[in-house]
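So you can see what is in the structure, the chains are spelled out below.
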Amino acid sequence: MNIMKIAPAPGAHDFQLLIKNILAYSLMLEPEREIVYSNKHRYNYFTLNKRIRQLANALQHLGLSGGAPVAVLDYDSHRYLECYFAIPMTANVLHTVNWRLSPAQILYTIRHAKDEVIIVHEDFLPLIESFAGQMPSVKHIIVTTDDTATQTGAYPHYEALLAAMPESYDFPDFDEDAVATMFYTTGTTGDPKGVYYTHRQLVLHTYHLAATFGFVAGATGRFGSDDVYMPLTSMFHVHAWGFPYLATMYSLKQVYVGKFDAANVLDLITNEKPTFSHCVPTILQMLFAKAEEVPTDFSGWKLVSGGAAMPESLAKKAILKGIDLRASYGMSETCPVICGGYIPLHCKDKDIDWQAKARSRTGMPPAFVEMKIADEQGNEVAHDDYTTGEILVRAPWLTQGYLHDHERGAQLWEGGYLHTGDVATINKHHSIRIADRIKDVIKSGGEWISSLALENYIGQHHAVAEVAVVGMPDPQWGERPYALVVPATGKTLTIELLQQHLQQFIDNGELSKWAMPEHFEWVSAIPKTSVGKIDKKVIRGQLSKI
Ligand code: AMP
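These numbers were taken from a predicted model, which means no experiment stands behind them.

So, how was this worked out
Residues numbered from 1 in each chain as written. Predicted model: local features only at pLDDT ≥ 70, side-chain atom pairs only at ≥ 80, totals over all residues. Heavy atoms only, no water. 1 Å grid on protein atoms, 1.4 Å probe; cavity = no way out; pocket = protein on both sides within 12 Å on 5 of 7 lines; lining within 4 Å. Points joined across faces, edges and corners; volume = space filled by probe spheres on them. Helix = DSSP H or I, 4+ residues; strand = E, 2+ residues; numbered from the N terminus. Nonpolar A, V, L, I, M, F, W, Y, C, P; charged D, E, K, R; others polar. Domains from an automatic or database assignment. Pairing = 2+ DSSP bridges. Axes fitted to C-alpha atoms, helices over the stretch in contact; angles between N-to-C directions. Salt bridge = Lys/Arg side-chain N within 4 Å of Asp/Glu carboxyl O. Buried < 20%, exposed > 50% of the residue type's maximum accessible area, 1.4 Å probe, protein only. Contact = heavy atoms within 4.5 Å. Buried area = accessible area lost by both parts, 1.4 Å probe. Polar contact = N/O pair within 3.5 Å; in protein donor to acceptor, adjacent residues only side chain to side chain. Phe/Tyr/Trp six-rings, centres within 6.5 Å; stacked < 30°, edge-to-face > 60°. Lys NZ or Arg CZ within 6 Å of the ring centre and 35° of its normal.

## Things to note about the layout of surface pockets
Of the volumes computed, that of the second largest pocket is approximately 650 Å³. What lines the second largest pocket is a set of 22 residues, among which Glu376, Gly389, Glu390, Val423 and Ile438 lie closest to the centre. Secondary-structure elements contributing two or more residues to the lining of the second largest pocket are strand 15 (370–374), strand 16 (389–394), strand 17 (418–426), strand 18 (432–437) and helix 16 (536–544). By residue class, the composition of the lining of the second largest pocket is five nonpolar, six polar and eleven charged. Each of domain 2 (198–369 + 393–419) and domain 3 (447–544) gives at least three residues to the lining of the second largest pocket.

## Some words on the sheet that holds strand 23 (residues 519–522)
Within a beta sheet, neighbouring strands are joined by backbone hydrogen bonds and run either parallel or antiparallel to one another. If you walk across this open sheet you meet the three strands as 21-22-23, and the pairing is mixed. Looking along the sheet, the strands with just one partner apiece sit at the ends: strand 21 (464–474) and strand 23. Across this sheet, the average inter-strand angle for adjacent strands is 25°, counted without regard to direction. Bridge count between strand 22 (residues 478–487) and strand 23: four bridges; the pairing is parallel.

## Structural notes on the pattern of salt bridges
For the coordinates displayed, the defined rule picks out 22 salt bridges. The salt bridge involving Glu159 is made with Arg51; its shortest N-O contact spans 2.9 Å. A residue pair is termed long-range when its members are at least 10 positions apart, and Glu159 in helix 6 (residues 158–163) and Arg51 in helix 2 (residues 45–61) qualify at 108 residues. Taking relative accessible area as the criterion, Arg51 reaches 11% and is therefore assigned buried. The salt bridge involving Glu518 is made with Arg480; its shortest N-O contact spans 2.7 Å. Here Arg480 lies in strand 22 and Glu518 lies in the loop between helix 15 (495–507) and strand 23, a separation of 38 residues in the sequence. Judged by its relative accessible area of 5%, Arg480 falls in the buried class. Each of Glu34, Arg42, Lys253 and Glu272 takes part in one network of salt bridges that share partners.

## Focus on the domain arrangement of the chain
Interface size, as often reported, equals the accessible area lost upon joining of the parts. Structurally, the chain comprises domain 1 (41–195), domain 2 (198–369 + 393–419) and domain 3 (447–544). The distance between the C-alpha centroids of domain 1 and domain 3 comes to 36 Å. Contact with domain 1, which involves ten residues of that partner, is made by nine residues of domain 3. Summing the contributions of domain 1 and of domain 3, the shared interface buries around 710 Å²; its carbon and sulfur component is 56%. At the junction of domain 1 and domain 3, the tally comes to zero salt bridges. Linking domain 1 with domain 3 are two residue pairs in polar contact (both at pLDDT 80 or more), by the criterion used here. When grouped by side-chain class, the residues that make up the side of domain 1 that touches domain 3 number three nonpolar, six polar and one charged.

## Observations regarding the packing of aromatic side chains
Tallied over the entire structure, the rule returns 21 aromatic pairs. Ring geometry for Phe183 versus Tyr197: centroids 6.1 Å apart, planes at 25°, classification stacked. You can see Phe183 sitting in strand 7 (residues 179–185) and its partner Tyr197 sitting in strand 8 (residues 193–198), a full 14 residues away along the chain. In this structure, Phe183 and Tyr197 share a single accessibility class: buried. Centre to centre, the rings of Tyr229 and Phe243 are 6.3 Å apart; their planes meet at 45°, and the pair counts as tilted. Of the two residues, Tyr229 sits in strand 9 (residues 228–229) while Phe243 sits in helix 8 (residues 243–249), which places them 14 residues apart along the sequence. Judged on exposure class, the residue Tyr229 and its partner Phe243 are both buried. Aromatic rings pair up to connect Phe213, Phe223, Tyr229, Phe243 and Phe276 into one cluster. Sitting above the plane of the Tyr417 ring, Arg394 keeps its charged end 3.9 Å from the centroid.

## Some remarks on empty space enclosed by the protein
Inspection of every chain in the model, using the stated rule, returns two cavities of 30 Å³ or more. Along the walls of the largest cavity sit Asn98, Leu101, Phe183, Tyr184, Thr185, Thr186, Phe236, His237, Ser332, Gly446, Glu447 and Trp448, which together make up its complete lining. For the lining of the largest cavity, the secondary structure elements donating two or more residues are strand 7 and strand 20 (447–449). In terms of residue count, strand 7 provides more of the lining of the largest cavity than any other element does, three residues in total. Split by domain, the residues of the lining of the largest cavity number at least three in each of domain 1 (41–195) and domain 2 (198–369 + 393–419). When its volume is computed, the second largest cavity comes out at roughly 50 Å³. Lining the second largest cavity, in full, are Thr220, Gly221, Phe276, Lys302, Leu303, Val304, Asp324 and Arg326.

In structure tokens:
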């Protein structure tokens, strides 16, 4: 097909979509508004901008001249927000480290990303120090603390570094396809996989959030420049769903909760009055449990739930408390938001049972997201809300592969669509409902647990003949691991013995502490498929009948 292209006039500016433009706008509308860090610090957008410029100078001072990965291990904080901007705006790459991974996995990601600098909260410093001699790429470690101390032993302190730096910095223009952020996902077995996003992708995702959550009118409330924003999903996980970039662009009041503590979050809800948040269902459950001790007014709070299926019973509780709830869907590989709940205006007054069902439904793709639910041949399934298929997606803000891993990147993008590994149905109104995950990883409290890793460690106990681990629904954590164990002949096994055995892998950092199963069952055989693989579908079916 022919198209018309016209050469730009001499001098015409080829505007690049860069994160610096998001920050530049933060000084336009309401720069006096505050960015709050728990009950510890608060400052306005002038200070945010100044500190970002100082951090940029500090990075330059350390010899970073672009393209260098900078790891951050911190709680959700104003400092993290500063890193969201200063690191990519100096053309370096923000590596948000998931400190909930096992120590061995954290070390793997730092080595694999070839991080040159680590900015680390003092709580995680002993962990980083335990990696001494094993991080050849790391040239500098910078320590942050919650108080205003500026001394932390052997390492430069973040505050002292900033304070010593000039307050001006001229952020350069560069190619919008430069990588801005990276982080790792451990959704399947094997080593963690690195995903990465460019400036262009993050800018487009920011505009997409503005349009999808702000422009579209439905029965759920809209996110606007008069909202008070308080994220309840970790900033290390998929850019806190990208909302900090949008909130900063329009200088909203922002509240960052620090180390998660339900009582503190309830305090912040009462005192700072956030109007818009997002979280995984487990967090909401924790807040409701705490609110039984500390009565809290949640009414008018707009809440986006994602990361796991929202149980209808929880949705109902939220609605009864006056929360304006909607679901959304995405994953590490998708920046993340690729789907969101939409309730037409005329359904506003439907009864609570209808609302709970509709508001917990995964939702529909927004503009610029091409999504299909496809069978194994790649053909779209019927829109009957019954036939299942894998969610395949295309959008401008999806990771274009896995870091330094061509093979797994090619599998992700097989056939030109990103394969989510999620199984869903779709109805005639284009709304999807996630039915299951193709892979059998277990998601507990928002964190992945590899069932195969657990099988591997349990199987190493001398009294275990065979083992299978599956995730089963759990009212508090979403899912918890269940282990089916065939004891070796003549050997005795107890839950305590197996837990003691697993504890050593937790102690040496190979396994996360929340991977420890509470549920074990002794069986005489493990169900197998026709080709001799463990049949997890059958196991789950059997367990659900108990
Ligand atoms: P992660 O890459 O850790 O963000 O996890 C992404 C996975 O979480 C997806 O592939 C889904 O399996 C699951 N997930 C995310 N949002 C939802 C949702 N609204 N309902 C059900 N599962 C979800």
